[in-house]
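# Summary of the model geometry
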Amino acid sequence: MSVKTHKIFISNGQLRFIHDDALRPLLALGNARVCRASHVEPSQDGSSWSADMVPSGGPLLGPFPTKQKALDSEVEWLNANKLR
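Here we summarise the structure given alongside this text.

About the cut-offs
Residues numbered from 1 in each chain as written. Predicted model: local features only at pLDDT ≥ 70, side-chain atom pairs only at ≥ 80, totals over all residues. Heavy atoms only, no water. Pairing = 2+ DSSP bridges. Helix = DSSP H or I, 4+ residues; strand = E, 2+ residues; numbered from the N terminus. Axes fitted to C-alpha atoms, helices over the stretch in contact; angles between N-to-C directions. Salt bridge = Lys/Arg side-chain N within 4 Å of Asp/Glu carboxyl O. Buried < 20%, exposed > 50% of the residue type's maximum accessible area, 1.4 Å probe, protein only.

### Observations concerning the sheet that holds strand S3 (residues 39–42)
Hydrogen bonding along the main chain pairs the strands of a sheet, whether they run parallel or antiparallel. Spatial ordering of the open sheet is given by S3-S4-S5, a layout of 3 strands whose pairing is antiparallel. Each end of this open sheet is capped by a strand with a single partner; those strands are S3 and strand S5 (60–64). Each neighbouring strand pair of the sheet contributes to a mean axis angle of 15 degrees, computed without reference to strand direction. With 3 bridges joining them, strand S4 (residues 49–52) and S5 adopt antiparallel strand pairing. Note that in S5 the partner of tryptophan 49 across the bridge is phenylalanine 64.

In structure tokens, the structure reads:
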């Protein structure tokens, strides 16, 4: 059994985190704002995936052979660049 971890950043009384259904109860703690950070999409021919980080001011990541690899890269980039 694997354990999933989540990073939660607290600054000036505000929580910042990558949305996950397991963290949904945190949205009830105050005025919550959820915004799109990226777009994970398949290529035109469906042979690869990319993570478009432009909504967060970042680059286009990929191509990746699987959607999961694109999602993992998306989370890694957001943790390193936006949630500090």
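### Observations regarding the pattern of salt bridges
Applying the stated criterion across every chain, the model contains 1 salt bridge. Notably, a salt bridge pairs aspartate 20 with lysine 4, separated by 2.5 Å at the nearest N-O pair. Here aspartate 20 is found in the loop between strand S2 (14–17) and S3, whereas its partner lysine 4 is found in the segment before strand S1 (8–11), with 16 residues between them in sequence. Residue aspartate 20 is classed as buried on the basis of its relative accessible area of 17%.

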